[in-house]
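Here are the chains, one letter per residue:
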Amino acid sequence: MSAPRTLLALEQALLDFERVAFTFEGPKEDNIRRHLAISPTKYYRLLGDLIDEPGAFAYDPLTVARLRR
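The paragraphs below set out a description of the structure included in this document. Keep in mind that what you see is a predicted model, and the values were worked out from it rather than measured.

1. Some words on the side chain of D60
(1) Moving on: With respect to the helices and strands, the residue D60 is situated in the loop between α4 (54–59) and α5 (61–68).
(2) Moving on: Look at D60 and you get buried, because its relative accessible area is 7%.
(3) Moving on: Engagement of the side chain of D60 in a polar contact is seen with the side chain of R19, the distance being 2.7 Å.
(4) Moving on: Excluding residues that lie within four positions of it along the chain, D60 makes contacts with L15 and R19.

In structure tokens, the structure reads:
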């Protein structure tokens, strides 16, 4: 079995943001735009695809497990 692929910087940023998003003031959608400079629609689409990647689980297993539930 091969090792999971290395995540791109944006993919890591998505997981990093999701891990701490609850600590930010204001609506999550505003914070997505402010911290990641992408639309909330793109954020949720990318995040939904990302949680199926073995590399995402290897990078941040707790966040990915929470999102998969």
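2. So, the pattern of salt bridges
Two side chains with opposite charge may pair up if their charged atoms get near one another.
(1) Moving on: Within this structure, the stated rule accounts for seven salt bridges.
(2) Moving on: One salt bridge connects E11 with R5, and the closest N-O pair in it is separated by 2.8 Å.
(3) Moving on: A single salt-bridge network, built from bridges that share partners, covers R5, E11 and E53.

3. Focus: the packing of aromatic side chains
(1) Moving on: Taken as a whole and judged by the stated rule, the model has three aromatic pairs.
(2) Moving on: When the ring of F17 is compared with that of Y43, the centres are 5.6 Å apart and the planes differ by 85°; the resulting orientation is edge-to-face. Highlighted residues: F17 in helix α1 (residues 9–20) and Y43 in helix α3 (residues 40–50), separated in sequence by 26 residues.
(3) Moving on: Since its relative accessible area comes to 5%, F17 is described here as buried.
(4) Moving on: With a relative accessible area of 0%, Y43 lands in the buried category.
(5) Moving on: Among the aromatic side chains, those forming a connected cluster through ring pairs are F17, F24, Y43 and Y44.

4. With respect to unusual backbone geometry
(1) Moving on: Although it is not a glycine, A37 adopts a positive phi angle of roughly 60°.
(2) Moving on: Residue position: A37 is located in the loop between α2 (28–36) and α3.
(3) Moving on: The exposure class of A37 is exposed, given its relative accessible area of 67%.

Basis of the calculations
- Position numbers for residues count from 1 along each chain, tracking the sequence in the order it is written.
- Only residues with pLDDT of at least 70 get local features here, since the model is predicted, and only at 80 or more are side-chain atom pairs given and counted; chain-wide, interface and lining totals rely on the full set of residues.
- Think of the side-chain values as coming from all heavy atoms in the structure, minus any hydrogens and water.
- Under the DSSP-based scheme used, a helix requires at least four consecutive residues in state H or I and a strand at least two consecutive residues in state E, with every element numbered from the N terminus.
- Burial classes follow relative accessibility: with a 1.4 Å probe on protein chains only, a residue under 20% of its type's maximum area counts as buried, one over 50% as exposed, and anything between as partly exposed.
- The definition of a polar contact used here is a pair of N or O atoms within 3.5 Å, where within protein one atom must be able to donate a hydrogen and the other to accept one, and adjacent residues in sequence count solely through side-chain atom pairs.
- We call two residues contacting when some pair of their heavy atoms lies within 4.5 Å.
- Note on definitions: salt bridges are taken to be side-chain nitrogens of Lys or Arg within 4 Å of carboxyl oxygens of Asp or Glu.
- Between rings of Phe, Tyr and Trp, where Trp is taken as its six-membered ring, a pair exists when centres lie within 6.5 Å; planes separated by under 30 degrees are stacked, by over 60 edge-to-face, and by other angles tilted.

Limitation: the analysis is restricted to geometry and does not speak to function.
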